[in-house]
Amino acid sequence: MLLDFARLGSWRLLLGLIAALVGAFLLLPIALIVALSFGSSQWLQFPPPGWTLRWYEELFADPEWLGSFLTSFQIAVVVTVLSVGIGAMASFGLTRGEFRGRELLRALFLTPMILPVVVLAVALYAFFLRLHLNGTFIGFVLAHLVIALPFSIIAISNALERFDRDIETAAIVCGASPLEAKIRITLPGIRLGLMSAAIFSFLASWDEVVIAIFMASPDLQTLPVRIFGTLRQDLSPVIAAISTVLIALTAGLMALAALLRKDARS
Amino acid sequence: MTFLDIRNVSKHFGSVAAVSNVSLEIARGEFVTFLGPSGSGKSTTLYMIAGFFEPSAGDIRIDGAGILGLPSNKRNIGMVFQRYTLFPHLTVAENVAFPLRVRRRPQAEVARKVEEMLALVRLDRFADRMPAQLSGGQQQRVALARALAYDPPLLLMDEPLSALDKKLREEIQAEIRRIHRETGVTILYVTHDQEEALSLSDRVALFNHGRIEQVGKGRELYEQPSTRFVAGFVGHSNFLDCTVAARNDHRADVVFPDGSRLPGTPVHRGAHAGAAAGLMIRPDRVRIGARGAAATSAGVDAVLSDATFIGDTFHFVATTAWGAPVSIRVPASAPMPHQHAVGDRVRLSWDPGQARLFDN
Ligand SMILES: Nc1ncnc2c1ncn2[C@@H]1O[C@H](COP(=O)(O)OP(=O)(O)OP(=O)(O)O)[C@@H](O)[C@H]1O
Ligand SMILES: [Mg+2]
């Protein structure tokens, strides 16, 4: 290959430097937030004059933050379950089915990924207004399902395409019904795809803010919405603390997804 | 008595006739291979028996009962696929146990049967391995154990060894022959490797363009091919252009382009007087003699144009007076080859009964 890293010679040093700078640029705000959440300054002073867990204590003592955390978590879990379930069924249809308009249907399933989120949010808001779903749990779930589903369909379709269909056929010849063969053989065979579908669906809902702002009501707010709302009133280190919690969960899940990918390759 | 009865079966995919009017009767315990070039309909026929495709016409019966109404999972047929199809998340033992588990057999029976099957394919020590930890040959042997675990009366195999190298292939072929002897299962085996077909099976069904050209023992196909395709596909052969001069019941006299006349070549069908035909003679049945000496035997004059020594045989190519190449194989143990060199003018002869005449 023209740009073989091993053959770049001393350019590698420069490349490494640029990569480090870009990495720092991306990670610095996160590191800053995490540091501030442990800082003792009320005014988010940097560097912090001392260290404390006070903001975390305040955070976990505040029923509103806890409520939002729980709301976010519940929505994300329900979205994950539905997204993987529907995504699996859609993927079977899209990869195995032979019908006209299949590619069109696949594109349609994936449009929420390319549509500007604001457009989607406004459309969902207007639509849900008629159905009285705005501000409801179901409304949140449905809206987040729309953006989570493409992740599931991509992950599961890919896994299904790599899974040799003859293996499922072999299970059927062995005496399993087509459904039994899918449940006992094919689904375990694509489990890595199912797990990454679950992780990305969860994250799509968990840290989604634009649609959530439209969907939220005073008594049903997800974590990102509350952070956003609180930020506009006062800049408390509690926000840094909750952000850190959010980051930790997201990073943990991303690490899990990366591990799964590595597992799938080996 | 007929065990598997394939009657006038056809399969069309749109306008493509993948299988046309195939009929075949197979006895219990027989080992039959489907041999033929790529796309000749071997797999499609097998898949109709397995239940993956529904025939466009015809009937398939096992022990006199039609099976076309049954879905694949109810046909109780064993199958080994061309690609590796072990269940990747289950151990070797669990793979073999799977068909018994879906049949809800008691645990003790499952354990006993798994052990018996793994012993049959000589993989007892691999019970706890995962499929990814096995070689290709081992995987196909486990697949064989899995396919036999529920004692199906019929075992289908679709080119199960085509992904393996030659040495391993021959090793597993021997295993398959042994397992066939030990279990008595009826086997239908698809291959496009004629050596494999001839060495494994009791009978060979030769497919071409969705039809069976000929069914019979390997020797019959080799020695009494009923069509030009069979003659060309099974073993090596020479085809010499000629014209039919006279024809009686099963023999014909032919005239070669150089005017030489040859009497008494067997004809299976066709080859009417005056028609252009092809005379088929196997390379190992052609004798090389000195010109003029023994012109009494049937044959043609030619010039040796190539000679190669390939281990246990000499391979000659001779060119006839009208420019047709004739390939000749002589065992290295025969004393004759040393007398001939490239450029020699020779007489090629053969026993007329060993040649065969086909329409062009
Ligand atoms: N599902 C299908 N749809 C359309 N055409 C098919 C299908 N399956 C097979 N065919 C066609 O039917 C014909 C016979 O195919 P088949 O797979 O039976 O050949 P084969 O003898 O097994 O060849 P090979 O040695 O390459 O496996 C081919 O022309 C093939 O293209
Ligand atoms: Mg085939």
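Preceding this paragraph is the structure being described.
Keep in mind that this is a model prediction, so the values were computed, not measured.

1. Quick look at the overall build of chain A
Helix and strand counts for chain A stand at 12 helices and zero strands. Shown N-terminal to C-terminal, the secondary structure of chain A runs as helices and strands in the order α-α-α-α-α-α-α-α-α-α-α-α. The C-alpha extent of chain A, read off along each of the three principal axes, is 70 × 65 × 35 Å. Scored against the burial criterion, the 266 residues of chain A give a buried share of 43%.

2. What about the sheet that holds strand β4 (residues 57–62) of chain B?
Residue and element names in this part refer to chain B. As summarised here, the arrangement of the four strands in space is β2-β1-β4-β5, forming an open sheet in which the pairing is antiparallel. Among the strands making up the open sheet, the edge pair consists of β2 (16–27) and β5 (65–66). In this sheet, β5 lies alongside β4 in antiparallel orientation, the contact comprising two bridges. Each residue of the ladder has a partner; that of Ile62, found in β5, is Ala65. The strands that helix α1 (residues 42–50) touches are β1 (2–13), β2 and β4; relative to β1, the one it contacts most, it runs at about 115°.

3. Examining the site of ligand 1
All names here are of chain B. Taken together, 13 residues lie around ligand 1, and Ser38, Gly39, Lys42, Ser43 and Thr44 are the ones closest in. Within the contact set of ligand 1, an oxygen atom lies 2.5 Å away from a side-chain nitrogen or oxygen of Thr44. Within the complex, the protein chains bury 62% of what would otherwise be the 630 Å² of accessible surface of ligand 1. Looking at the shell around ligand 1, the element that brings in the most residues is α1, giving three residues.

4. Focus: the pattern of salt bridges
Using the criterion set out here, one finds 30 salt bridges over all chains in the structure. Measuring nitrogen to oxygen at the nearest pair gives 3.3 Å for the salt bridge that ties Glu103(A) to Arg106(A). Here Glu103(A) pairs with Arg106(A), and both are found in helix α4 (residues 102–114), just three residues apart, close to one helical turn. Residue class for Arg106(A) comes out buried when judged on its relative accessible area of 17%. Taking the shortest distance from any N to any O, the salt bridge between Asp166(A) and Arg83(B) comes out at 3.2 Å. Of this pair, Asp166(A) sits in helix α7 (residues 165–173) while Arg83(B) sits in the loop between β6 (78–80) and α2 (92–102), placing the two residues on different chains.

5. Comments concerning a nonpolar patch on the surface
Residue and element names in this part refer to chain A. Where nonpolar side chains cluster on the molecular surface, the patch consists of Trp11, Leu14, Leu17, Ile18, Leu21, Val22, Phe25, Leu26, Leu27 and Ile30 and spans about 1,100 Å² of accessible area. Note on placement: Leu17 falls in helix α1 (residues 11–37). The class of Leu17 is exposed, set by a relative accessible area of 52%.

6. So, the sheet that holds strand β3 (residues 31–35) of chain B
Residues and elements named next belong to chain B. Reading across from one edge, β6-β7-β8-β3-β9-β10 is the order of the six strands in this open sheet, with mixed pairing throughout. Sheet topology places β6 and β10 (211–216) at the edges, where each strand pairs with a single neighbour. Looking at each pair of strands side by side, their axes are set apart by 15° on average, direction ignored. As judged from the three bridges shared by β6 and strand β7 (residues 154–158), these two strands associate in the parallel manner. Across the sheet, residue Gly78 finds its bridge partner in β7, namely Leu155. Running over the sheet, helix α4 (residues 136–148) touches β6 and β7 and is turned about 170° from β6. In the packing of helix α5 (residues 166–183) onto the sheet, contacts are made with β3, β7 and β8 (186–191), and the angle to β8 comes to roughly 160°.

7. What to know about the environment of Asp351(B)
Residues and elements named next belong to chain B. Along the chain, Asp351 falls in the loop between β19 (345–349) and β20 (356–359). Overall, the relative accessible area of 37% leaves Asp351 in the partly exposed class. Remark: the alpha-carbon pair of Asp351 and Arg146, spanning 205 residues in sequence, is separated by 50 Å.

8. Observations concerning the nonpolar core
All names here are of chain B. In this structure, Leu4 and Ile176 are the most contacted members of the largest nonpolar core, which totals 87 residues. The leading source of residues in this core is α2, at seven residues. Once you skip the residues sitting within four places of it in the chain, Ile176 turns out to touch Phe31, Leu144, Met157, Leu161, Ile187, Tyr189 and Leu200. Membership of the second largest hydrophobic core comes to 30 residues, among which are Val300, Val326, Val346 and Trp350.

9. Overview of the interface of chain B and chain A
Taken together, the contacts link 23 residues of chain B with 20 residues of chain A. Where chain B touches chain A, the interface holds two salt bridges. At the boundary of chain B with chain A, the tally comes to five residue pairs in polar contact (both at pLDDT 80 or more). Among the elements of the structure, β6 and α2 of chain B are those that each provide at least two residues to the side of chain B that touches chain A. Element by element, the count of residues in the side of chain B that touches chain A is highest for α2(B), at four residues.

10. Some remarks on the packing of helix α6 (residues 137–162) of chain A against helix α9 (residues 191–206) of chain A
Residue and element names in this part refer to chain A. Contact pair α6 / α9: the axes reach a minimum separation of 8 Å and the direction vectors enclose 160°. Compared by their axis directions, α6 and α9 come out roughly antiparallel. In the packing of α6 onto α9, the handedness of the crossing is right-handed. On α9, the residues that touch His144, Ile147, Ala148, Phe151, Ser152, Ala155, Ile156 and Ala159 of α6 are Gly193, Leu194, Ser196, Ala197, Phe200, Ser201, Ala204 and Ser205. Class assignment of the residues belonging to the contact of α6 with α9 gives a composition of 10 nonpolar, six polar and no charged.

11. A short note on the pairing of strand β12 (residues 251–255) of chain B
Residue and element names in this part refer to chain B. Across the two faces of β12 the burial differs, with Ala252 and Val254 buried and Arg251, Asp253 and Val255 not buried at all. Relative to β12, strand β11 (residues 238–247) is paired through four bridges, and the arrangement is antiparallel. Each residue of the ladder has a partner; that of Thr243, found in β12, is Val255. Counted along the chain from β11 to the antiparallel partner β12, the turn is three residues long.

12. Some points on the environment of Met117(B)
All names here are of chain B. Within the element layout of this structure, Met117 appears in helix α3 (residues 107–120). Residues Met117 and Val96 lie 21 residues apart in sequence; the distance between their C-alpha atoms is 7.7 Å. Sequence-distant contacts of Met117, that is, excluding residues within four places in its chain, are made with Val96, Ala145, Leu148 and Ala149.

Rules used in this analysis
- Residues numbered from 1 in each chain as written.
- Chains lettered and ligands numbered in written order.
- Predicted model: local features only at pLDDT ≥ 70, side-chain atom pairs only at ≥ 80, totals over all residues.
- Heavy atoms only, no water.
- Helix = DSSP H or I, 4+ residues; strand = E, 2+ residues; numbered from the N terminus.
- Buried < 20%, exposed > 50% of the residue type's maximum accessible area, 1.4 Å probe, protein only.
- Pairing = 2+ DSSP bridges.
- Contact = heavy atoms within 4.5 Å.
- Axes fitted to C-alpha atoms, helices over the stretch in contact; angles between N-to-C directions.
- Near = heavy atom within 4 Å.
- Polar contact = N/O pair within 3.5 Å; in protein donor to acceptor, adjacent residues only side chain to side chain.
- Areas by Shrake-Rupley, 256 points an atom, 1.4 Å probe, with all protein chains shown as cover.
- Salt bridge = Lys/Arg side-chain N within 4 Å of Asp/Glu carboxyl O.
- Patch = residues over 30% accessible without salt bridge, like charges linked within 9 Å, V, L, I, M, F, W, Y side chains within 5 Å.
- Core = buried A, V, L, I, M, F, W, Y, C linked by side-chain atoms within 4.5 Å.
- Parallel < 35°, antiparallel > 145°, perpendicular 65-115°, else oblique.
- Left-handed = near helix turned anticlockwise from the far one by under 90°.
- Nonpolar A, V, L, I, M, F, W, Y, C, P; charged D, E, K, R; others polar.

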